[in-house]
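Architecture at a glance
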Amino acid sequence: MKIAVYGASGYQGKLVLAELAHRDIDMLLVGRNAARLREAATTVGTVDAGQRVADTDDHDRLVAAFRGCDAVINCAGPFTSSGSAVVRAAIAAGCHYVDTAGEQLYTKAVFDTFAGEAERAGVTVVPATNDGCVPGDLIAHLLAERLQPIEEIAVSHFIVGGGGFSRGSLRSAVETIDAIKAGGLSYDNGDWRTGVPARHATVALPDAPQPTDVVKCPLSEVVTIPRHIEVRHVESLVDAAVGAQLGVPLAPQLIDSLPEGPTEEDRRTQRFTYLIDAVSRDGQSARGIVRGHDTYGITAVIAVEAARRLVTDGAKPGVLAPAQAYDPTSFLTFLAPHGISWTITVSNTPTPQQ
């Protein structure tokens, strides 16, 4: 198995390289700048891995760079402007594809644009294999198995600590600022719509003394969940304070002056809680809770495992949501040794943790 990492010299890219090295998976570093690729390989300790230079505006060179690989992990954001070129090249090279994107409209564009192309090529594309979308999408599928038919699913993200965002995440936020300010898409009665008011102003966090104020935010789960669950409404929410922070664009010069990303200590002390709340059409409720730490580190673990499973286990060709490509319980169980815990409660009756 050989996995190409595009954007290998970036903050998230180096974490993916380290995870591939930890699992002794053969890798290829691909990016726009040869010097930065060499520096990344030295930093991570993968100097013996192959390196190829290719920009997203050179399709033929990008395809040639991916030739001979089994899968591509794309870590080069902002994905809204450059991600589609990498997807197209990966498909043309006959490679399975995953990425670490958190940009909701980009995720939807991958489904809308590449489904037929990937199916004809016999490869599988799974966008948004990150810390939030994969566990959230998989948990939603398990909720649907217990609670059908479903009226509504609300996905809420809460993150404490972590030292802030990486430069790449901040650049993605700037590029998608209009979607962030608008609250992103909601899935409503068979269609994705903008400008739909949030149904929730507060969310009750486990063990919290009082509900937390939330606002709509463009998370990719809104795009993936309706691909495999019959549901009338899906929306995504974040802590109102985080939403306000994301809604203030930073100047490119300021972003360039910031650290590349959180320190290892910041990542170690970070904590996240993701809630997946579902209500059936007869009023029964269910909640999935995902807890963990280190969003960037766990994204690397998830993206590598997502690519590995496509190569070794296979999945239906095309563009798939996580729960369409992977067995939900198996993937979530894999994440447990990496600090991810999850529970499901239906009508206040908890099921055993997996």
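Residues numbered from 1 in each chain as written. Predicted model: local features only at pLDDT ≥ 70, side-chain atom pairs only at ≥ 80, totals over all residues. Heavy atoms only, no water.

**What to know about the environment of V72**
To keep things clear, this is the line we draw: The secondary structure listing takes helices from DSSP runs of H or I that are at least 4 residues long and strands from runs of E that are at least 2 residues long, numbered from the N terminus. Burial classes: relative accessible area under 20% of the type maximum marks a residue as buried, over 50% as exposed, and values in between as partly exposed (1.4 Å probe, protein chains only). Contacts are assigned to residue pairs with any non-hydrogen atoms lying within 4.5 Å of each other.
Examined against the element boundaries, V72 turns out to sit in strand β4 (residues 71-74). For V72, a relative accessible area of 0% translates into the label buried. With sequence-adjacent residues up to four places away left out, V72 is seen in contact with A4, F66, V86, A90, C95, H96, Y97 and V98.

**A look at the pairing of strand β14 (residues 285-292)**
Under the convention used in this document: Pairing between strands is defined by DSSP: at least two bridges between the two strands are required.
Taking burial as the measure, the 8 residues of β14 include 6 buried ones, the bulk of the element. The pairing of strand β13 (residues 271-280) with β14 spans 8 bridges and is antiparallel. Bridging from a neighbouring strand, D277 pairs with R287 of β14. The antiparallel hairpin formed by β13 and β14 contains 4 residues in its connecting segment, where G283 sits at a positive phi of about 95 degrees. In terms of strand pairing, β14 meets strand β16 (residues 341-346) through 6 bridges, oriented antiparallel. Within β16, the residue paired with R287 across the bridge is T345.

**Considering helix α4 (residues 79-92)**
Note the following rule: Each helix should span, by expectation, one fewer than its residue count multiplied by 1.5 Å.
In this model α4 runs 19 Å from its N-terminal to its C-terminal C-alpha over 14 residues, within 8% of the 20 Å that 1.5 Å per residue would give. Taken residue by residue, α4 has F79, S82, G83, A85, V86, V87, A89, A90 and I91 as its buried positions. Considering only its buried residues, α4 is in contact with β1 (2-6), α3 (59-66), β4, β5 (96-99), α5 (104-121) and β6 (124-126). Phi turns positive one or two residues past the end of α4, at G94, with a value near 80 degrees.

**Considering the side chain of T212**
Summarising the element assignment, T212 is placed in strand β11 (residues 212-216). For T212, the contacting residues outside a window of four places in its chain are F158, A201, T202, V203, L205 and D239.

**Some words on the pattern of salt bridges**
Quick note on the threshold: For this document, the term salt bridge refers to a Lys or Arg side-chain nitrogen within 4 Å of an Asp or Glu carboxyl oxygen.
The final tally for this structure, using the stated rule, is 14 salt bridges. In this structure, D55 engages R32 in a salt bridge whose closest nitrogen and oxygen atoms are separated by 3.3 Å. One end of the pair, D55, is in the loop between β3 (50-53) and α3; the other, R32, is in the loop between β2 (26-31) and α2 (34-44), and 23 residues separate them in sequence. Under the relative-accessibility criterion, R32 is labelled partly exposed at 43%. In this structure, E305 engages R308 in a salt bridge whose closest nitrogen and oxygen atoms are separated by 2.9 Å. Linking E305 with R308, this pair stays in helix α13 (residues 295-312), spanning 3 residues, or about one helical turn. When salt bridges that share partners are traced, they join R23, E305, R308 and R309 into one network.

**Here's the deal with the packing of α4 against α5**
So the rule is basically this: For helices, the fitted axis covers only the stretch in contact; all axes are lines through C-alpha atoms, and the angles between them, taken along N-to-C directions, range from 0 to 180 degrees. Angular relationships are summarised with four words: roughly parallel below 35 degrees, roughly antiparallel beyond 145, roughly perpendicular across 65 to 115, and oblique for the angles in between. Throughout this entry, Asp, Glu, Lys and Arg are counted as charged residues, while Ala, Val, Leu, Ile, Met, Phe, Trp, Tyr, Cys and Pro are counted as nonpolar. The remaining residues, Gly among them, count as polar.
Packing of α4 against α5 brings their axes to within 10 Å, and their N-to-C directions diverge by 10 degrees. The orientation of α4 relative to α5 falls into the category roughly parallel. Along its contact with α4, which presents F79, T80, G83, S84, V87, R88 and I91, the element α5 presents Y106, V110, T113, F114, E117, A118 and A121. Residue composition of the contact of α4 with α5, by class: 8 nonpolar, 4 polar and 2 charged.

**Quick word on α13**
Between its terminal C-alpha atoms α13 stretches 25 Å, which fits the 26 Å expected from 18 residues at 1.5 Å a residue. α13 sits mainly inside the fold: 15 of its 18 residues count as buried. Residue G314 follows α13 closely and has a positive phi angle near 80 degrees.

**Here's the deal with the environment of P249**
With respect to the helices and strands, the residue P249 is situated in the loop between α10 (240-246) and α11 (252-257). Between the C-alpha atoms of P249 and G102, which are 147 residues apart in sequence, the distance is 17 Å.

**Examining the nonpolar core**
Rules: Among buried residues, the Ala, Val, Leu, Ile, Met, Phe, Trp, Tyr and Cys ones that are joined through side-chain atoms within 4.5 Å form a nonpolar core.
Within the largest apolar cluster, 99 residues are counted, with the highest numbers of intra-cluster contacts made by F66, I73 and I153. By residue number, the principal contributor to this core is α13, which donates 10 residues. With residues near it in sequence (within four places) discarded, I73 still touches I3, A4, V5, Y6, V16, V98, A303, V304 and A307. Grouped together as the second largest cluster of nonpolar side chains are 8 residues, A154, F158, V203 and L275 included.

Treat this as a map of the structure, not an account of what it does.
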